[in-house]
Amino acid sequence: MKRGLVIGKFMPLHTGHIALIQFAATQCDELIVIVTSSPADPIPGAIRLAWVKEEFAQYDSIKPEGLESPVFSISTESQSKMWAAAIESKYPAIDIIFGSDSFDMLLARQLKAIHVAFDSERKVHPISAEQIRVHPFRFWGFISAPARGHFVKRICFYGPESTGKSIMARRMAERYQTEFVPETAREIVSTNKFTSEDIVRIGEAQTVRVLEKTRTANRLLFCDTDLITTEVYSAVYLGVVPEILYELEKEIHYDYYFLFDIDVPWVSDGLRDLGAKRKEMFEQFKGELESRGISYVLLTGSFEERERSVVQFVEMLLASY
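The present account deals with the structure reproduced in this document. (Residues numbered from 1 in each chain as written. Predicted model: local features only at pLDDT ≥ 70, side-chain atom pairs only at ≥ 80, totals over all residues. Heavy atoms only, no water.)

Observations regarding the packing of helix α3 (residues 76-90) against helix α4 (residues 102-110)
Right, on to step 1. Contact geometry for α3 and α4: axes closest at 9 Å, N-to-C directions at 55 degrees. Relative to α4, the element α3 is oriented oblique. When the axes of α3 and α4 are compared, the crossing they make is right-handed. In contact with Thr-76, Glu-77, Gln-79, Ser-80, Lys-81, Trp-83, Ala-84 and Ile-87 of α3, α4 contributes Phe-103, Leu-106, Leu-107, Arg-109 and Gln-110.
Right, on to step 2. Among the residues making up the contact of α3 with α4, the classes are represented as 6 nonpolar, 4 polar and 3 charged. (Axes fitted to C-alpha atoms, helices over the stretch in contact; angles between N-to-C directions. Helix = DSSP H or I, 4+ residues; strand = E, 2+ residues; numbered from the N terminus. Parallel < 35°, antiparallel > 145°, perpendicular 65-115°, else oblique. Left-handed = near helix turned anticlockwise from the far one by under 90°. Contact = heavy atoms within 4.5 Å. Nonpolar A, V, L, I, M, F, W, Y, C, P; charged D, E, K, R; others polar.)

Printed below as a string of structure tokens:
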């Protein structure tokens, strides 16, 4: 039985890594893929290991593993000896090491294994993980599908009812060929006579939907609402905010907030009933952001003016990443 090894940080996993691992898997009976990690890594090892496991879930012969780095500030030769010792203590004998850099060759020598190079000059897959980390949007097509969600920027459209958030989320998703998350409350309740159990269901459903859509979004995810909004309406209609909503709020980080002003006509739709309290609600929404230290962009004017402002912001965002 031939046992192979591919070792790396995969930070993030990209098409070059995938091609290397697929090639290696054809050259041996079992392939161990070690995802290395250290406390200083900008992306935790557990997350990167999960990407590799998901990407190669259909391959029985590929065995993804995580390994904490045994190396500190020492020479490359010493590094290879320490890595070899760590690998020998945890895994069966390795016959072949696949990789494109000098460290792989040194490690193969320490483990008395054959070294097989693959696309050493990166002509087939002209990308590096560092390039992706610096400009993920520019190199989006190189990022593995499981890893893309890590780099998605979530944009929350936030504020009182009847200010154009839902339409904006749909239009931006269409314009930038990506996903959007609607207000799940409208899928769960049809009137404003709801219970604490209902509001918790809304919060849980909203959280699940955002996490799901983050995985499939194309660079950006536009969200019609957030858990702060759910908390606000829970306080207004029920006089209480279930503690679990605050816990759910911590699960989702939004990169950018747009606060929608109330300087547009209020339109009834059968569910909205706070038209007489627009100013009060706007101040409450604004206050919730400010009390948390969350920065935001205030959107004012007609819908067309708001859309132009959002597009201008998004275009700058896309260019910067």
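Regarding the sheet that holds strand β3 (residues 62-68)
Right, on to step 1. Taken in spatial order, the 5 strands make up an open sheet running β3-β2-β1-β4-β5, and their pairing is parallel. Of all the strands in the sheet, just β3 and β5 (114-116) have a single pairing partner and so form its edges. For this sheet the average axis-to-axis angle between neighbouring strands, irrespective of direction, equals 25 degrees.
Right, on to step 2. The sheet contact formed by strand β1 (residues 3-8) and strand β2 (residues 30-37) spans 6 bridges and is parallel. In the strand pairing of β2, Gly-8 is matched with Val-35. (Pairing = 2+ DSSP bridges.)

Quick look at the environment of Val-52
Right, on to step 1. Its place among the elements puts Val-52 in helix α2 (residues 45-55).
Right, on to step 2. Sequence-distant contacts of Val-52, that is, excluding residues within four places in its chain, are made with Phe-10, Leu-13, Val-33, Val-35 and Pro-64.

Regarding α3
Right, on to step 1. When the terminal C-alpha atoms of α3 are compared, their 21 Å separation across 15 residues agrees well with the 21 Å that a helix rising 1.5 Å per residue should span.
Right, on to step 2. When we look at burial in α3, the residues that qualify are Ser-80, Trp-83, Ala-84, Ala-86 and Ile-87. Along the axis of α3, the buried positions cluster into a sector of 165 degrees, meaning they face one direction only. Counted as exposed and oriented over 90 degrees from the buried face of α3: Glu-88 and Ser-89.
Right, on to step 3. Among the structural elements, β1, β2, β3 and α4 are those in contact with the buried residues of α3. (Expected span 1.5 Å × (residues − 1). Buried < 20%, exposed > 50% of the residue type's maximum accessible area, 1.4 Å probe, protein only. Arc of directions from axis to C-beta.)

A look at the pattern of salt bridges
Right, on to step 1. Throughout the structure, instances matching the rule amount to 17 salt bridges.
Right, on to step 2. A salt bridge links Lys-9 to Asp-41; the shortest N-O distance between them is 3.0 Å. Within this pair, whereas Lys-9 is found in the loop between β1 and α1 (15-26), its partner Asp-41 is found in the loop between β2 and α2, the two being separated by 32 residues in sequence.
Right, on to step 3. By relative accessible area, Lys-9 is classed as partly exposed at 35%.
Right, on to step 4. Judged by relative accessible area, Asp-41 falls into the buried class, the value being 12%. (Salt bridge = Lys/Arg side-chain N within 4 Å of Asp/Glu carboxyl O.)

Thoughts on the environment of Leu-31
Right, on to step 1. As for its placement among the helices and strands, Leu-31 is situated in strand β2.
Right, on to step 2. By relative accessible area, Leu-31 is classed as buried at 0%.
Right, on to step 3. Separated by 21 residues in the primary sequence, Leu-31 and Val-52 have C-alpha atoms spaced 13 Å apart.
Right, on to step 4. The residues touching Leu-31, leaving out its near neighbours within four places in the chain, are Gly-4, Leu-5, Val-6, Ile-21, Ala-24, Ala-25, Ser-61, Ile-62, Lys-63 and Phe-98.

Observations concerning the state of the cysteines
Right, on to step 1. All chains considered together, the criterion is met by 0 disulfides.
Right, on to step 2. The structure places no disulfide on Cys-223, whose sulfur is separated from the nearest cysteine sulfur, that of Cys-156, by 6.2 Å.
Right, on to step 3. What makes Cys-223 buried here is its relative accessible area of 0%. (Disulfide = S-S within 2.5 Å.)

Description of the nonpolar core
Right, on to step 1. By size, the foremost hydrophobic cluster in this structure holds 64 residues, and its most contacted members are Leu-31, Phe-157 and Phe-222.
Right, on to step 2. Val-71, Ala-84, Phe-103 and Ala-113 belong to the second largest nonpolar core, which has 18 residues in total. (Core = buried A, V, L, I, M, F, W, Y, C linked by side-chain atoms within 4.5 Å.)

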